[in-house]
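Reading the structure
Given next are the chains, with one letter for each unit.
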Amino acid sequence: HVRRPRRVFTFLTFWDIRAIRQLMSTSEHPPRTTWIEVSRSALANNVAQLRRTARDVPLMAVVKANAYGHGAAPVARTLQEAGVHSFAVACLGEALELRASGVTLPILVLGYTPPWQAAEAAAARVTLTVFDAETAAGLNEQAGGVGRLAVHVKVNTGMNRLGVRPAEAPALLRALGGMPHLDVQGIFTHFATSDESDRSYAELQFRRFAELLGCLNALGLRPPVAHAANSAALLTMPHTHLDLVRSGIALYGLDPDCDQCPLPAGFIPALSWKAVVTHVSALEAGEPVSYGREFTAAGP
C-alpha cells in the first residue's frame, strides 16, 4: 500500500499478474476483482513513435524492473517484434530471464555485475557494464575459457552514481585493451536532468561526454558504439542521439516528467488498471472511511 493524500492504492505483484493472465486464458472470469492489462499494440505504437523521432539511430529498449512493472518477458518479446535494436536491464538475473523467454537481441546490463557472474554472462551473450579497472580485471579472469565477454564502459559526466570520470577514461580503455577476454563494444553516460525544462546541466554533461569521445577518437581508443540519450533526451535533444538511443519510460506511454517533459501527441499508455465495483456506500458529511480515517466526506 502506497499512501497518497486521501487515497490508498493497492498494487498487484508480478505473481498476481501472471496468475491472472494464466487463468484468464482458460476462464471468462479472473480470480481477483482487480487486475492490470498491458496493450501490445500500444507498446508497438510507442516504439514506432520513438523510432520515427530517432530517425536512423538504433533504439535500445530499457526493460529493467520487470519492464517498469509491465511484465519483462512478454513486453520484451513484443518490443523485439516491433523492431527495437537491443535491450537494457539492471542486473544479470533480468537478462537471463529474457534469454529464457526467447529474446535473442543484444542485452546490456546497466548496473554492476560481480566478476563471479562473468562466465554466465558470456555464455548467455549478455553485455556487461564496466567502470573501473579492478572489476574489469576480475571479469576478464572469470570469463576466460567461456569466450569473450562484451562490455560497455560507463562514464560519469555528472550523474555521480556508477561511472569512470572522463579524465580517467582513456587509462581505463587502455587497460581494457590488454584484457584478452573482454570485448569493448560501447561507451555511454546517463543524464541526470534531461527531463527538466532547464536542460543546461544535461547540456553540460553532454559536452563533457562529446569532448571525451573526441579525445578517445584522436587516441584510437573510441569504442564502436557511443550512447547517451534516454527517453527525455531522445525526444528533446536530438544532437545527443549519437550511435544509439535508450528509452525506458516513454516506451510505456508515460511522460518522462508530466509537467516539464510531457510526451508529444501519439504515444499511448500501455498499462490500464481495472477493477470490479463491489460495493457503493452512502456517507454523511464528516463520516470517515477505512484505517486511519484516510478519507472523510465533506458532504453527503
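Every chain is numbered independently, its residues counted from 1 as its sequence is written. Since the coordinates come from a predicted model, pLDDT governs what is reported: local features require at least 70, and pairs of side-chain atoms require 80 or more to be given and counted, while whole-chain, interface and lining totals use all residues. The basis for the side-chain values is all heavy atoms of the structure; hydrogens and waters are excluded.

**Looking at the layout of surface pockets**
One number sums up the size of the largest pocket: a volume of about 480 Å³. Contributing to the lining of the largest pocket are 23 residues, with Lys 64, Tyr 68, Arg 161, His 190 and Asn 230 lying nearest its centre. Secondary structure counts use DSSP, requiring at least four H or I residues in a row for a helix and at least two E residues in a row for a strand, with both numbered from the N terminus. Among the secondary structure elements, those contributing two or more residues to the lining of the largest pocket are α3 (64-69), α10 (231-236) and β11 (245-247). Any residue outside Ala, Val, Leu, Ile, Met, Phe, Trp, Tyr, Cys, Pro, Asp, Glu, Lys and Arg is labelled polar, Gly included; the first ten of those are nonpolar and the last four are charged. A per-class count over the lining of the largest pocket returns 11 nonpolar, seven polar and five charged. Cavities and pockets are defined on a 1 Å grid built over the protein atoms alone: a cavity is a set of grid points where a 1.4 Å probe fits but cannot escape, while a pocket is an open set with protein on both sides within 12 Å along at least five of seven lines, and lining residues are those with an atom within 4 Å of any such point. Grid points are joined across faces, edges and corners, and a volume is the space filled by probe spheres set on the points.

**Re the packing of helix α8 (residues 169-177) against helix α9 (residues 200-219)**
Packed helices, taken two at a time, are described by their axes: the angle between them and the distance between them. Where helices are involved, their axes are fitted lines through C-alpha atoms of the stretch in contact, as for all axes, and angles between N-to-C directions lie from 0 to 180°. Interhelical geometry of α8 versus α9 gives an angle of 45° and a closest axis separation of 10 Å. Viewed along their axes, α8 and α9 adopt a mutual orientation that is oblique. Remark: the crossing between α8 and α9 carries right-handed chirality. Here Ala 169, Pro 170, Leu 173 and Arg 174 of α8 come into contact with α9, specifically with Leu 212, Cys 215, Leu 216 and Leu 219. Note on terminology: angles under 35 degrees are roughly parallel, angles over 145 are roughly antiparallel, angles of 65 to 115 are roughly perpendicular, and the others are oblique. By the definition used in this description, the sense in which the near helix is turned from the far one sets the handedness, with an anticlockwise turn below a right angle giving left-handed and a clockwise turn giving right-handed. Any pair of residues with heavy atoms lying within 4.5 Å of one another is described as a contacting pair.

**Section: the nonpolar core**
Among buried residues, those of type Ala, Val, Leu, Ile, Met, Phe, Trp, Tyr and Cys that are joined through side-chain atoms within 4.5 Å constitute a nonpolar core. Each residue's exposure class comes from its accessible area (1.4 Å probe, protein chains only) as a fraction of the maximum for that residue type: buried when under 20%, exposed when over 50%, partly exposed otherwise. By size, the foremost hydrophobic cluster in this structure holds 66 residues, and its most contacted members are Val 63, Leu 79, Phe 87, Leu 98, Leu 149, Leu 176 and Ile 187. When residues no more than four places from it in sequence are discounted, the contact partners of Leu 98 are Val 63, Ala 72, Ala 73, Ala 76, Phe 87, Val 89, Val 103 and Ile 107. Counting residues in each nonpolar core, the second largest holds seven residues, with Met 60, Leu 110, Phe 188 and Leu 244 among its members.

**A closer look at the pairing of strand β7 (residues 126-130)**
For β7, the buried fraction is high: five of the five residues fall into the buried class. Alternating residues of β7 divide into Val 126, Leu 128 and Val 130 and Thr 127 and Thr 129, and every residue in both groups is buried. At least two bridges found by DSSP between two strands is the condition for calling them paired. The sheet contact formed by strand β6 (residues 107-109) and β7 spans two bridges and is parallel. Across the sheet, Ile 107 pairs through a bridge with Val 126, a residue of β7. On the question of chirality, the crossover connecting β6 to the parallel β7 by way of helix α6 (residues 118-123) is right-handed. Where β7 lies against strand β8 (residues 149-154), three bridges are found, and the strand directions are parallel. Paired with Leu 128 across the bridge in β8 is Val 151. When the strands point away from the viewer, a crossover counts as right-handed if the route from the first strand across the helix to the second turns clockwise.

**Here we look at the packing of helix α2 (residues 40-54) against helix α4 (residues 72-82)**
Two elements in contact, α2 and α4, have axes separated by 9 Å at closest approach and are oriented at 45°. Taken together, the axes of α2 and α4 are oblique relative to one another. Pair α2 / α4 crosses with right-handed handedness. Of α4, the residues touching α2 (which contributes Arg 40, Leu 43, Ala 44, Val 47 and Arg 51) are Pro 74, Val 75, Thr 78, Leu 79 and Ala 82.

**Some details on the sheet that holds strand β4 (residues 59-62)**
Spatially, the eight strands line up as an open sheet ordered β10-β9-β8-β7-β6-β5-β4-β11, and their pairing is parallel. Looking at which strands have only one partner, the edges of the open sheet turn out to be β10 (225-227) and β11. Pairwise comparison of adjacent strand axes, ignoring direction, gives a mean angle of 30° for this sheet. Here strand β5 (residues 86-89) runs beside β6; their pairing, made up of three bridges, is parallel. Following the sheet pairing, Phe 87 is matched in β6 by Ile 107.

**Topic: the pairing of β5**
Residue alternation in β5 divides its side chains into two sets, Ser 86 and Ala 88 and Phe 87 and Val 89, and both sets are buried. Here three bridges tie β4 to β5, and the two strands are oriented parallel to one another. Along β5, the bridge assignment pairs Met 60 with Ser 86. Remark: the β5/helix α5 (residues 92-100)/β6 crossover connection has right-handed handedness.

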